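# Close look at the chain arrangement
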Amino acid sequence: MSEVSETVNVTALLNRSRQDPEARERVFRIIYLDLVRLARRQVGAASRDQTLSATSLINEAYLKLQERTGHQWNDRHHFLRVAARAMRQITIDTIRRKKRAKRGGDQVDLPLDDARVAGPRKSEMILALEEGLCELAETEPRWVEVIEMRFFAGLSGQETADALEVSLSSVNRDWSQARAWMKSFLLE
Amino acid sequence: MTKPRHPFEERDVDRLLETGGGLIGDLATTGEDLPHGLPDDVGRWIGRQFGSFELVDYLDRGGMSLVFRAERRGGDFEQTAAVKLLLAAGSAQLVRRFARERQILAHLDHPGIARIVDGGVQEGQPYLVMELVEGRPIDAYCDQQRMNLGQRIDLFIQVCEAVQFAHSRLVVHRDIKPGNILVSSDGTVKLLDFGIARLLEDDGGDLTTGTPLLTPRFASPEQVLGEPVNVASDIYQLGLLLHLLLTGTHAQPIEDASIAAIKEAVVDLEAVSPSQALENTGRRDRARAERIARARRLPVDRLQRRVRGDLDIIVGACLAKEPDQRYRSVQDLVRDLRAWREFRPIRARAPSRSYRLIRFARRHWGGVTTTVLTGIALLIACVAVLTSWRETLQARALAEREADTASAVSTFLADLLEQADPRRAGGEELTVVELLNQGAARLDKLSDQRAVQVQLLKTMAMSYFGLGEYESVEALARQALDLQDQGGVPDARVRSELLHSLASALAGQGRMEEAMAVAGQATALFDELGADDAMARARALHTLGLTLFEKKELERAIVLEEQSLALLRQVPNTRRQQAVVLTTIGSAARMQGGLEVALDYYLKALALVCAGDPIESQKGAVFRGMAQSWYHQGDLVRAGQLAGAAVVIDRAVYGPEHDRYLRSLMLQALYDLRLVNLESAAAAFAEVSRLADALGAGHPNYGSALNMVSQFQHRIGRLDESRRSMESAVASRQKVYGADDRSILEYRLTRAIFDLREGRPIDAERGLTAIGDSLPGAFGSDHPLVDTLNLTQSRLLAANDDHRAAITGLEQLLLSHESAGRDVPVSVLRALAESHAALGSAQTALEFSIRALESDRARFGSGSGATVASVVLAAELYSESDPAEARDLALEASRLGRAVVAAGDLWSAVSLSRNAVTLGSLGLADEAAADCRLIKPVLSAPSAASPAVADALARCN
């Protein structure tokens, strides 16, 4: 794959992706992989214990995409929606992969204070949440999108509102309802 | 009531919703803190006042805290500070402890520690006001400034001093990591968050909230195990930091954020040493290794060498898993670091003599010059060098001095030292040999004491032996024997020792027949006198065994050495002598092709050499033997490491003119060549050539030195010189060892391989015919060289286009290796691929080629220049069936090849010319042209002229 042909493809794909489900899926894969690669590279290059934030990663992925399309594609809102979904998918895939890698699920749920390190329980909660989100998508698709943006991608309320092209107050309302739903679902 | 679907605690869920679900840290396999977006609640803190400070800007967040920039309000003066809000739930107990600890921290007044200005609890929210430090994390700062190792260590010492100051006030940092150590633009170091971790720890309740308190890569074993944390934990963390500053990599790389993985990395696994870490990086990711080295202003290999040794030891002494095995205090650590800076010996281990000698030599002469002594250092240095001789003598198992004669000898040596007048030596250089010669001249003055004189002659002879001056040894030994003859019935033991010296000296000069005769006399002496002296008899047997060994009469040598070993085992305190004999047996076994047996003997020798007080003088020989065994088993990396160690040790113990040093050096050079580390190899070969010239063609090691030089010259395309060197090698072996010396067969085989590679099948055939019948008999049919012979014969068939016959031969080799469970040599796999391709069996060819490539990558690492030929072949074979894969491989070949071609590798240039054809066929004409531009000058050099190179050149035109 040469850079040139890729550029053309990506721009075309992006433009088609609003209508064409297949193009949407491929754009999703591209962004998904970009995010994973960026995260890996950041960590590879990270010589100090910097915290990787989902938000900064998404911003970088956006810049990369801009670079790749030669700045022909400027639909940041559309990008953020895709990226947030990709971030959710990456998170879930990562947890599942780690769980598989461990064999024997018992190990995953060690009490957290055992070595004072987080992770296992958080992973379990997110995995449980994912089941709920799939059901929720049937009834409250807006909540799911807000959860993807705010919870998985770490976007601010305003960014979420911009990306979804709705008002901030409407996002805030959705978010607080979504949070309430998440909490009750996890404690059910 | 039904059982709840999810067993989660409410506070965990709250925490999750607060911190968000992006698991990027996990995803990226760091095991670092789980990441957070900007916390939602940051905004609500801005503008609020804590004490007299108002929060104006969000700066950062730590594991359990938020940090804001704050400004003083309502005071008479302006002040900016950092305010840290601790996010721990404020239990009454915590608040009390917090107030107490804050008091202690407030008194921690040191320029290297960020001061605590104020702090308290406001509406249940604990906060700290601290000096606002502008700067970069220490590791980023060092890289940005491209600081060399010395500068890094100086900066690190500043960190240590701050930590040490706190320790003297009974405060432990607990969270030493780069993010907590900032360096300002003027180069001053500030430590943040002293003792903060303690404010949060031990409260139990807050640890389950899902936020890790410690950073796994910078955690100490005690912290992970939840054991008491004290000064030793800070020392451990300092060690982790030092490792990072030296190598750019983490000593505790954590692959996975699971508890088990963290425990394994921190508690169970020994930390990788800095030099090993550098080496690993170099193997896995050359570009990264180069970046790291550049930031330290050294080439990759020199950085590795600089770190190896003392710095490895210092870091290791910080990173012991058991707290009581670490440095006792930060002061001790700093003392060793300063010592390193000033080329003095460090204390982290009981230093051996040769080790101290190296440091000493560096300190005084700026280089490792152990024989040339100058100026004021002369007198002290003589003592040091003479001490090492004495060790050398012992090592050679030549003498056990009687107590009284020993003191006479010492007096004599002391006299000799006094002679070396510092005024006379001012500015002048005096070598050890000159000193000895002075001593020899003075021996006459002792002529009234015949026994003492004999002993002295013997000691002098042994000293010369240590220096490899075999002619002098011979002269002195003969003089002593004559002297003994004049005094009636000689002491059998002394006489046997003298005969032993003489035999060894003759063997050293390559006069094997004479040596054997003399060694025979020594053994006969005992039978004649009926002497019952196990030690002396063992020694005589050993001399004879060694002589046979040098003559490559291996089986007889082993029999005699085994007898000698059995005798030595009856005598107490013969650890060293036993080690020498074991090494010889190991080497004999190795030369017979019994690599496992050889390693077994070497390991036994190593155990003796390293037990108790280490025997430096024998270490080199053992390492060398092990390196060769591993080399033949295909473990090049390990072989290279051991050869490197042998070079260092032998140089320190024997000096840069000694043939033991030469032998170690040759091995190192050879392994560098095989690993295509051509720059490092070039340096080693220059040294080998120098030594070989100095020793002369009559020296026993001249032949093997020239053999290696020839291989190097061939590699870098000096083909005529290579041919001539090999001829000199053969001539020297014939002269020293006789026409039936089996090494000559090996050299001829190598020459035939070269002829084949140069595209001269007729010459190769002639060479192979000459040795084909005798080689298997001389080495034994199991010997690896026999495989090489068969392989070369098959390749010759292939070169003459008889691919079916070639494949038959190659498949036999394949089978014999596979059935014996041995790795099939890559050259066999590649030859199979080539011949199958020539017959049109594309799929089979591709399969063999992939096997070759995988095998090469496993052996050298996937980024190594040594893999070029296999990558080129795979690219070529893939180009029909899978152009995308072919393209990737061809580009990889071109990238790897360019680097080694730039270092002068002719044969990689030839490979690249093939690759250029592949690139062209894949539509990558530009890359092909670029490669051709690079390799053309190499290929068209007159010294490289040969049919194969002409073909390569034609491919580019």
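Along each chain, residues carry numbers from 1 onward, in the same order as the chain's sequence is written. Numbering of ligands from 1 and lettering of chains from A proceed in the order in which they are written. Two thresholds apply to this predicted model, a pLDDT of at least 70 for residue-level local features and 80 or more for giving and counting side-chain atom pairs, whereas whole-chain, interface and lining totals are computed over all residues. As a rule here, side-chain values cover all heavy atoms of the structure and leave hydrogens and water aside.

## Quick look at the overall build of chain B
- For chain B, the helix and strand inventory stands at 46 helices and eleven strands.
- Throughout, exposure labels follow a simple rule: accessible area from a 1.4 Å probe, protein chains only, divided by the maximum for the residue type, with under 20% read as buried, over 50% as exposed, and the rest as partly exposed. Every one of the 957 residues in chain B was classed for burial, and the buried ones make up 56%.
- Pairs at least 24 apart in sequence give 62% of the contacts found in chain B among residues at least 6 apart. Only runs of H or I of at least four residues qualify as helices and only runs of E of at least two qualify as strands under DSSP, and these elements are numbered from the N terminus. Contacts were defined at the residue level, with two residues in contact if any of their heavy atoms lie within 4.5 Å.

## Regarding helix 7 (residues 157-164) of chain A
Residue and element names in this part refer to chain A.
- For helix 7, the set of buried residues is Gly-157, Thr-160, Ala-161, Ala-163 and Leu-164. For helix 7, the buried positions fall inside an angular range of 165° around the axis, keeping them on one side.
- Glu-165 sits one or two positions beyond helix 7 and adopts a positive phi of about 55°. By construction, the arc corresponds to the directions joining the helix axis to the C-beta atoms.

## Quick notes on the nonpolar core
Residues and elements named next belong to chain B.
- Buried Ala, Val, Leu, Ile, Met, Phe, Trp, Tyr and Cys residues that are joined via side-chain atoms within 4.5 Å together make up what is termed a nonpolar core. Membership of the largest hydrophobic core comes to 154 residues, with the highest contact counts inside it found for Met-626, Tyr-671, Phe-685, Val-688 and Leu-939.
- Other than its neighbours up to four places away in sequence, Val-688 contacts Leu-662, Leu-665, Met-666, Ala-669, Ala-705 and Val-709.
- In this structure, Leu-105, Ile-181, Leu-242 and Leu-245 belong to the second largest nonpolar core, which totals 62 residues.

## Here we look at the sheet that holds strand 7 (residues 136-137) of chain B
Residue and element names in this part refer to chain B.
- Strands are labelled as partners when DSSP assigns at least two bridges between them. Across the sheet, which stays open at both edges, the three strands sit in the order 7-8-9 with antiparallel pairing between neighbours. Each edge of the open sheet is held by one strand with a lone partner, namely strand 7 and strand 9 (189-191).
- Together, strand 8 (181-183) and strand 9 form the strand contacts of helix 6 (residues 149-168), whose direction differs from that of strand 9 by roughly 40°. Each axis is a line fitted through C-alpha atoms, taken for helices only over the stretch in contact, and angles between the N-to-C directions span 0 to 180 degrees.

## Concerning the side chain of Ser-732 of chain B
All names here are of chain B.
- Structurally, Ser-732 can be placed in helix 34 (residues 719-737).
- Relative accessible area serves as the criterion here: at 3%, Ser-732 is assigned to the buried category.
- If we skip the residues at most four places from it in the chain, Ser-732 touches Ala-697, His-699, Tyr-702 and Gly-703.

## Examining the pattern of salt bridges
Residues and elements named next belong to chain B.
- Throughout this description, the term salt bridge denotes a Lys or Arg side-chain nitrogen within 4 Å of a carboxyl oxygen of Asp or Glu. One pass over the full model with this rule turns up 34 salt bridges over all chains.
- Linking Glu-131 and Lys-190 is a salt bridge whose minimum nitrogen-to-oxygen distance equals 3.1 Å. Residue Glu-131 is found in strand 6 (residues 125-131), and its partner Lys-190 is found in strand 9; the two are separated by 59 residues along the sequence.
- For Glu-131, a relative accessible area of 21% translates into the label partly exposed.
- Among the salt bridges present, the one from Glu-721 reaches Arg-718, with a minimum N-O distance of 3.1 Å.
- Glu-721 sits in the partly exposed class, given a relative accessible area of 30%.
- With a relative accessible area of 33%, Arg-718 lands in the partly exposed category.
- Among the ionic contacts, a cluster of salt bridges with common partners joins Arg-723, Arg-751, Asp-755, Glu-758 and Arg-760.

## Some words on unusual backbone geometry
Residues and elements named next belong to chain B.
- For Arg-146, which is not glycine, the phi dihedral falls at a positive 50°.
- Mapped onto the elements of the fold, Arg-146 is located in the loop between helix 5 (138-144) and helix 6.
- Arg-146 gets classed as partly exposed once you look at its relative accessible area, which sits at 35%.
- Of note in the backbone geometry, Arg-297 takes a positive phi value of approximately 60° without being a glycine.

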